[in-house]
Amino acid sequence: MSKSKPIAVVSGVAVAAVLLGVVSYTATKPSSPGASGSEGGSTAAEVSADPSAGVYAELEAYARRDASDKLALGRADAPVVLIEYADFKCGYCGKFARDTEPLLIEKYVENGTLRIEWRNFPIFGEESEAVARASWAAGQQGRFWEFHKAAYAEGAKEKGFGKDRLAALAKEAGVPDAARFAKDTDGAAARAAVRADQEQGYSLGATSTPSFLVNGRPIAGAQPLETFTEAIEAAAKAAKSAPAKARP
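Scope of this entry: the structure provided in the associated data block.

Parameters and conventions
Residues numbered from 1 in each chain as written. Predicted model: local features only at pLDDT ≥ 70, side-chain atom pairs only at ≥ 80, totals over all residues. Heavy atoms only, no water. Helix = DSSP H or I, 4+ residues; strand = E, 2+ residues; numbered from the N terminus. Phe/Tyr/Trp six-rings, centres within 6.5 Å; stacked < 30°, edge-to-face > 60°. Buried < 20%, exposed > 50% of the residue type's maximum accessible area, 1.4 Å probe, protein only. Arc of directions from axis to C-beta. Contact = heavy atoms within 4.5 Å. Pairing = 2+ DSSP bridges.

**Some points on the environment of E126**
Logical step 1: Relative to the elements of secondary structure, E126 occurs in helix 3 (residues 126-139).
Logical step 2: When the C-alpha positions of E126 and G162 are compared, they lie 9.5 Å apart, and in sequence the two are 36 residues distant.

Here is the structure:
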């Protein structure tokens, strides 16, 4: 977020910074399909099994709820918003995208409970920045999630994200105008959009990917499916019981 973010959010941000950036958790390669982890930083937060723990209402302000957001999935007025800060070169992000996210979409997005908002959080250098911009460019033609799927396919990151590879991914994703895609990928608007997402992630103290917010609850790493379902269901229950004027 920018330096002018509301003061009301600052206390929640400070807490999230502790949860996402200070609690000790050594990321290692998953040894089984159910293992979890994160990449990019020396530490990340462990998540309590209690879905009511670590919820900070101030952080709900990070959800944009913009119906025109091309990098979001689900109703803008869904009771629960999951914000994902991720890098396309991150193996754990790919694991979440392949193994967990489709199940969350099927169970919660399709019935209107959940909205997923993507934030580009490139932390692995020039190629990370390039593919982040490319994903935004694909989104301008309504193909962000198709590009997301192609870029996170098994073995995709090992092929790199050079210019030719990005063009191939765009074609695979069904981006209709290749010339516009190339222009948008290198344009100022893409750079500004990625930078805004990065600033928001860093303001939360995120140093590893993937990192998440679920209605103000920070979650670090590609945690097991149950961690997300518990958080989503707890958030949905809280939203349902909240006074109508207090809902987003």
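**As for the packing of aromatic side chains**
Logical step 1: Going through the model one piece at a time under the given rule, you end up with 12 aromatic pairs.
Logical step 2: On the basis of an interplanar angle of 50° and a centroid distance of 5.1 Å, the ring pair of F96 and F228 is categorised as tilted. Placement of F96 in helix 2 (residues 91-109) and of F228 in helix 8 (residues 225-241) is noted, with a sequence separation of 132 residues between them.
Logical step 3: The exposure class of F96 is buried, given its relative accessible area of 1%.
Logical step 4: F228 sits in the buried class, given a relative accessible area of 0%.
Logical step 5: Taken together through their ring pairs, the aromatic side chains of F88, W118, F144, W145, F147, Y152 and F181 make up a single cluster.

**Describing helix 5 (residues 163-172)**
Logical step 1: Within helix 5, burial applies to R165, L166, L169 and A170. Taken around the axis of helix 5, the buried residues stretch over an arc of 140°, which confines them to a single face. When the buried face of helix 5 is taken as reference, the exposed residues oriented beyond 90 degrees from it are D164 and K171.
Logical step 2: On its buried side, helix 5 packs onto helix 3, helix 4 (144-151) and helix 6 (178-185).
Logical step 3: Two residues or fewer past helix 5, G174 is found with a positive phi of approximately 80°.

**Quick word on the pairing of strand 4 (residues 211-214)**
Consecutive side chains along a regular strand alternate between the two faces of the sheet.
Logical step 1: Across the two faces of strand 4 the burial is the same, with S211 and L213 and F212 and V214 all buried.
Logical step 2: As paired strands, strand 2 (residues 80-86) and strand 4 are joined by four bridges and run antiparallel to one another. By the bridge assignment, Y85 is partnered in strand 4 with S211.
Logical step 3: As paired strands, strand 4 and strand 5 (residues 217-220) are joined by four bridges and run antiparallel to one another. Its bridge partner lying in strand 5, V214 is registered against R217.

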